[in-house]
Amino acid sequence: MNVVLHWFRRDLRISDNTALSEAVRQGDQVIPVFILEDALRTGPDVGAGRLAFLLQSVESLRKNLAELGCPLIIRSGRSEELIPLLCRETGARAVFANKRYEPYAQARDRRLGETLFRAGVEFKLFKDAVVWEETEILTQAGQPYTVFTPYSKAWKQRPIPAPRPQFKPAAPTRPVPAVPSEALPLDPAVFGHPCTQSLPPAGERAARETLRQFMAGPVLEYGAQRNFPGVAGTSLLSPHLRAGTIGIRTILREWQQARLSASAAQGASCEVFLNELIWREFYTQVLCNFPHVTKGAFRPEYDRLKWSENHEHFAAWCAGRTGYPIVDAAMRCLNATGTMHNRLRMIVAMFLTKDLLINWQWGERYFMQQLVDGDMAANNGGWQWSAGTGTDAAPYFRIFNPITQAEKFDPAGRFVRQWLPELAAFPAESIHQPWTDPLYFAKARYPARMVQHDVQRDLCLAMFKAAKGASELNP
Ligand SMILES: Cc1cc2nc3c(=O)[nH]c(=O)nc-3n(C[C@H](O)[C@H](O)[C@H](O)COP(=O)(O)OP(=O)(O)OC[C@H]3O[C@@H](n4cnc5c(N)ncnc54)[C@H](O)[C@@H]3O)c2cc1C
């Protein structure tokens, strides 16, 4: 009998799962496995919220599989040791999994593949998390794209694949071997990471409901609404895409349906949403093709930037106490919920790098520790874009003004008031620059601005010019 282990990683779902459906097609019996890797609960980038969301997603997967009479085997430790061990325990001759794109995960998979090969076990990896991989969309010269717009054009010229069928285990022809499984705690505090964030509901059902709600209306207004943090204008799918509780093909099929019945204006909104999904794939291919981005700037000349090492300023940014209301409200929202609107991510990232002149890598790490959707490719891409050091970066001289950004995207101050109750009494005219309203400011118990934007802007431009000048002298 051909026993296949399906190793669940960032694909915690039974529908639209490429490796899982291939395991059913190619094996006589599929044994689903999840390993709580040591690295998921230790290390500098672990986030309590993301870990809690993962544990809840695994629990939901376990229940879904149990309903199909297919118990999920759970172990904790190192997959490089546990997967070969599980093959021996179950008699599996093949391990199927969906591909991961982070450099550390790819190195781990290569090592594991060699170990399994020596043991006579096949290790098959499938494309699943993205529609098009790093080698599939290349320029005419056969090079990876480093600019988004031509990449997205090439992406859109290709057909959109259909979702994979829902998992239906074949009736076992032989009793399932009794393999021990561990109980998984739902509370990450057990691993020393107490979670204080209020998280969105986890699991495949919650993911489908999130998708349904978005496609039932907001996608049609996405183009106009997606930039306003106080408005429910975006899909909120990122934690699910990160945990793999929804498949990208499922999202695209629903998107196609919505697009079909949309008016011209609504169709344009749908296209804007598709672009965001393509940004996700763009950054995934950047990470794969240029893995040095995990260690430094995409453009090496910007590794010469002389960043500030002001830990006090960094701590104030993390805590939401910079004196700039839109930055502080966004950071307090992140700390409390593990999520932050895209417009705010750009504002706080620009503020850290271009107003506080602090290295984008400090912010990148802090985001990974806080974000439920923390994803190496998208996070690195977003930070390098904001800092001006990346592939398709905003040029370094494009510097967001946190006050005008706030006035444009939170005009009535609704979002700021929600997260900074100490500013609740301020009128809309001054809420984004409370220091201009001495009457209220004296009573507000809100910090004074730690830096002045106009002054910092000039310092930032000088810092970038110095790095560029040095690179021209030492190419
Ligand atoms: C500094 C910075 C850090 C970021 N860190 C992350 C991160 O760790 N994880 C993450 O998923 N996104 C990250 N983003 C991108 C973006 O902010 C989030 O994907 C988005 O806010 C998630 O909300 P949503 O699901 O409602 O998005 P929607 O607007 O509904 O977009 C749909 C999906 O498209 C993808 N997407 C949207 N925008 C981007 C983008 N700019 N880059 C890559 N993918 C995108 C996401 O998967 C998202 O769920 C970051 C952006 C910046 C500027």
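Residues numbered from 1 in each chain as written. Predicted model: local features only at pLDDT ≥ 70, side-chain atom pairs only at ≥ 80, totals over all residues. Heavy atoms only, no water.

Caption draft 1: The overall build of the protein, seen in detail. Scanning the protein from terminus to terminus reveals 20 helices and five strands. Against the globule reference of 23 Å for 475 residues, the protein gives a C-alpha radius of gyration of 24 Å, in line with a compact fold. Taken along its principal axes, the extent of the C-alpha atoms in the protein is 80 × 55 × 50 Å. For the protein, the proportion of its 475 residues judged to be buried stands at 54%. Partitioning the contacts of the protein with sequence separation of at least 6, the portion at a separation of at least 24 is 79%. Accessible area for the protein stands at about 20,700 Å²; split by element, carbon and sulfur atoms hold 55% of it. Across the protein, the 55 positively charged side chains and the 47 negatively charged ones have centroids separated by 2 Å. (Helix = DSSP H or I, 4+ residues; strand = E, 2+ residues; numbered from the N terminus. Rg over C-alpha atoms; globule rule 2.2 N^0.38 Å. Buried < 20%, exposed > 50% of the residue type's maximum accessible area, 1.4 Å probe, protein only. Contact = heavy atoms within 4.5 Å. Areas by Shrake-Rupley, 256 points an atom, 1.4 Å probe, with all protein chains shown as cover. Lys, Arg positive; Asp, Glu negative; His and termini not counted. Charge placed at Lys NZ, Arg CZ, Asp CG, Glu CD.)

Caption draft 2: Broad picture of the nonpolar core. Membership of the largest hydrophobic core comes to 91 residues, with the highest contact counts inside it found for Trp155, Met215, Ile251, Phe273, Trp317 and Val327. Counting residues per element, this core draws most heavily on helix α11 (residues 264-289), which supplies nine residues. Viewed by domain, this core spans two of them, domain 2 (132-162 + 204-289) and domain 3 (300-466), each represented by three or more residues. Not counting residues within four places of it along the chain, the set of residues in contact with Trp317 comprises Thr322, Val327, Met331, Val348, Phe351, Leu352, Leu356, Gly363, Tyr366, Phe367 and Trp383. One finds Val30, Leu61, Phe96 and Phe167 within the second-largest nonpolar core, a separate group that totals 29 residues. (Core = buried A, V, L, I, M, F, W, Y, C linked by side-chain atoms within 4.5 Å. Domains from an automatic or database assignment.)

Caption draft 3: Broad picture of the side chain of Glu102. Along the chain, Glu102 turns up in the loop between β4 (94-98) and α5 (103-118). A polar side-chain atom of Glu102 sits 2.7 Å from a polar atom in the side chain of Arg10. Those residues in contact with Glu102 that lie beyond four places of it in its chain are Arg10, Leu287 and Met376. (Polar contact = N/O pair within 3.5 Å; in protein donor to acceptor, adjacent residues only side chain to side chain.)

Caption draft 4: Seen up close, the site of the ligand. Around the ligand lies a shell of 27 residues, among which Tyr222, Thr234, Ser235, Leu236 and Asn342 are the nearest. Here a nitrogen atom of the ligand sits 3.0 Å away from a polar atom, N or O, in the side chain of Glu276. The backbone of Asp373 places a nitrogen or oxygen atom 3.0 Å from a nitrogen atom of the ligand. For the ligand, the accessible surface in isolation is 820 Å², of which the surrounding protein chains cover 94%. If you list the elements that add at least two residues to the shell around the ligand, you get α9 (238-243), α11, α14 (342-355) and α16 (376-387). Broken down by element, the shell around the ligand gets its largest block of residues, six residues, from α11. Within the shell around the ligand, the residues separate by chemical class into 15 nonpolar, seven polar and five charged. Three or more residues apiece are contributed to the shell around the ligand by two domains, here domain 2 (132-162 + 204-289) and domain 3 (300-466). (Near = heavy atom within 4 Å. Nonpolar A, V, L, I, M, F, W, Y, C, P; charged D, E, K, R; others polar.)

Caption draft 5: Up close: the packing of aromatic side chains. Inspection of every chain in the model, using the stated rule, returns 28 aromatic pairs. Taking the centre distance of 5.5 Å and the plane angle of 75 degrees together, the rings of Tyr396 and Phe397 count as edge-to-face. Take Tyr396: its relative accessible area is 12%, and that puts it in the buried class. Following the ring pairs from residue to residue traces out a cluster consisting of Tyr145, Phe148, Tyr151, Trp279, Phe282 and Tyr283. (Phe/Tyr/Trp six-rings, centres within 6.5 Å; stacked < 30°, edge-to-face > 60°.)

Caption draft 6: How the structure looks around the pattern of salt bridges. The tally for this structure, following the rule as stated, stands at 29 salt bridges. Members of the salt-bridge network, linked through shared partners, are Arg9, Glu37, Arg108 and Asp109. (Salt bridge = Lys/Arg side-chain N within 4 Å of Asp/Glu carboxyl O.)

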